[in-house]
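# Architecture at a glance
One-letter residues, chain by chain:
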Amino acid sequence: MLTLYTFGPAFGLPDPSPFCVKAMVLLKMSGLDFECVPGDLRKAPKEKLPYLVDDGKTIADSTFIRWHLEARYGIDFDKDYSPADRATGWAIEKLCEDHLYWLGLQERWMDPTNFDKGPRKFFDAVPTVLRPLIVRKVRGDVRRNLRGQGTGRHSEAERNKLANTTIQAMSDFLGDKPYMLGQTMSSTDAAAFATVQSLSSPFFETPSRRIIETKANLIAYRDRLNTELFPE
Ligand SMILES: N[C@@H](CCC(=O)N[C@@H](CS)C(=O)NCC(=O)O)C(=O)O
């Protein structure tokens with residue numbers, strides 16, 4: 001049995017973190033037995049979730065989890081695709097994780113209404129007297145990370161332009177294919193599905209959600225993969 005450490009379902013999503021959902025999808029695609037258990041960031045090897053424990057070995061980071069599954073179990077998530085397809089898939093995955101993810105983080109953590117109904121709930125278990133301090137500290141860390149990465153330095157209009165262009169590109173690339181790279185699911189779908197699902201969550205009122213809602217193919221893709229991967 002493999003154990004994946006995640007945040008746990010929240011906001012109507014299998015997990016609030018697209019990286020945790022990506023790892024869950026890869027594990028489902030692998031056909032291996034696994035369980036998801038709540039992780040503690042302080043115990044996580046990179047102080048981030050997800051991480052996987054497989055027979056006493058700990059693997060942190062969704063991409064390293066993928067490579068571990070491929071190496072240890074002889075899986076090739078992209079077996080139906082050419083090197084050029086794989087290169088494109090990798091670029092899309094990183095577009096999701098190193099670009100769209102940050103726009104989504106900004107929308108959830110910096111918008112006061114979204115923050116109050118969403119991330120603020122992560123701190124409900126903190127003792128009442130300490131809670132305001134901890135919330136301010138962690139939110140301040142996220143703000144600093146957003147500035148460090150660059151997304152936090154853009155105006156809202158600039159961020160929306162980036163979101164529009166990127167989501168349009170993903171919609172154009174998907175076209176009328178059932179999966180990102182073609183007729184079968186690949187590792188790219190684990191990241192792309194997790195990102196589209198996360199950004200379009202009806203739980204939050206965000207520009208990204210509104211943009212995705214104008215792309216019928218992305219919505220159909222999200223709903224189809226959700227039914228295939230999370231029938232529960
Ligand atoms: N590159 C990592 C990213 C994981 C990540 O950023 N996880 C976030 C949640 S979406 C996290 O654990 N953040 C906690 C923190 O930064 O304190 C992966 O692919 O797993």
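### Some details on the site of the ligand
In the vicinity of the ligand, the contacting residues are S17, F19, L41, E47, K48, L49, P50, D61, S62 and T63. Along the lines of polarity and charge, the residues of the shell around the ligand split into 4 nonpolar, 3 polar and 3 charged.

### Some words on the packing of helix α3 (residues 83–110) against helix α5 (residues 131–149)
In the contact formed by α3 and α5, the axes pass within 11 Å of each other and the chain directions differ by 150°. The handedness of the crossing between α3 and α5 is left-handed. Of α5, the residues touching α3 (which contributes W102, L105, Q106, W109 and M110) are R139, V142, R143, L146 and Q149. In terms of residue class, the contact of α3 with α5 is built from 6 nonpolar, 2 polar and 2 charged.

### Section: the sheet that holds strand β4 (residues 57–60)
With mixed pairing, the 4 strands of this open sheet are ordered in space as β2-β1-β3-β4. Unpaired on one side and paired on the other, β2 (34–38) and β4 mark the two borders of the sheet. On average, each strand axis in the sheet is inclined to that of its neighbour by 25°, with strand direction left out of account. In the sheet, strand β1 (residues 2–6) pairs with strand β3 (residues 51–54) via 4 bridges, with the strands oriented antiparallel. Pairing of Y5 across the sheet is with Y51, part of β3. Packing against the sheet, helix α1 (residues 18–30) makes contact with β1, β2 and β3, and its axis sits at approximately 160° to β1.

### Some points on helix α7 (residues 187–199)
Over its 13 residues, α7 runs 19 Å from end to end, which matches the ideal 18 Å to within 8%, given 1.5 Å per residue. Where burial is concerned, most of α7 is hidden: 13 out of the 13 residues are buried.

### Things to note about the pairing of β1
The element β1 is extensively covered by neighbouring structure, given that 4 of its 5 residues are classed as buried. Strand direction decides the pairing type here: β1 and β2, joined by 5 bridges, are parallel. If you follow L2 over to β2, its bridge partner there is F34. Taken together, β1, α1 and β2 form a β-α-β motif whose crossover is right-handed.

### Examining the nonpolar core
Judged by nonpolar contacts, the single largest core of 44 residues is most densely connected at L4, A23, M24, V25, L26 and A192. Sorting elements by how many residues they give to this core places α1 first, with 8 residues. Looking at which domains feed residues into this core, each of domain 1 (2–73) and domain 2 (83–229) gives three or more. Apart from residues lying up to four places away in sequence, L4 is in contact with A23, M24, L27, F34, C36, P50 and L52.

### Describing the domain arrangement of the protein
Assigned domains of the protein: these are domain 1 (2–73) and domain 2 (83–229). Centre-to-centre, using C-alpha coordinates, domain 1 lies 18 Å away from domain 2. Contact with domain 1, which involves 11 residues of that partner, is made by 15 residues of domain 2. Class assignment of the residues belonging to the side of domain 1 that touches domain 2 gives a composition of 7 nonpolar, 1 polar and 3 charged.

### A closer look at unusual backbone geometry
Cis geometry is adopted by the peptide bond preceding P50, which originates at L49 and carries an omega value of 10°. Along the chain, P50 falls in the loop between β2 and β3. Despite not being glycine, E47 shows a phi value in the positive range, around 55°. Tracing the sequence through the fold places E47 in the loop between β2 and β3.

### Digging into the packing of α3 against α7
Interaxial distance between α3 and α7 falls to 9 Å at its minimum, and their mutual angle equals 20°. Regarding the angle of α3 to α7, the classification is roughly parallel. α3 and α7 meet at a crossing whose hand is left-handed. Across the interface between the two elements, G89, I92, E93, C96, E97, L100, Y101 and G104 from α3 touch S187, T188, A191, A192, T195, S198 and L199 from α7. Partitioning the contact of α3 with α7 into residue classes produces 7 nonpolar, 6 polar and 2 charged.

Cut-offs applied
Residues numbered from 1 in each chain as written. Predicted model: local features only at pLDDT ≥ 70, side-chain atom pairs only at ≥ 80, totals over all residues. Near = placed C-beta within 6 Å. Nonpolar A, V, L, I, M, F, W, Y, C, P; charged D, E, K, R; others polar. Axes fitted to C-alpha atoms, helices over the stretch in contact; angles between N-to-C directions. Helix = DSSP H or I, 4+ residues; strand = E, 2+ residues; numbered from the N terminus. Left-handed = near helix turned anticlockwise from the far one by under 90°. Contact = placed C-beta atoms within 7 Å. Pairing = 2+ DSSP bridges. Expected span 1.5 Å × (residues − 1). Buried ≥ 20, exposed ≤ 12 C-beta atoms within 10 Å, placed from the backbone. Right-handed = clockwise from strand over helix to strand, strands pointing away. Core = buried A, V, L, I, M, F, W, Y, C linked by C-beta atoms within 7 Å. Domains from an automatic or database assignment. Parallel < 35°, antiparallel > 145°, perpendicular 65-115°, else oblique.

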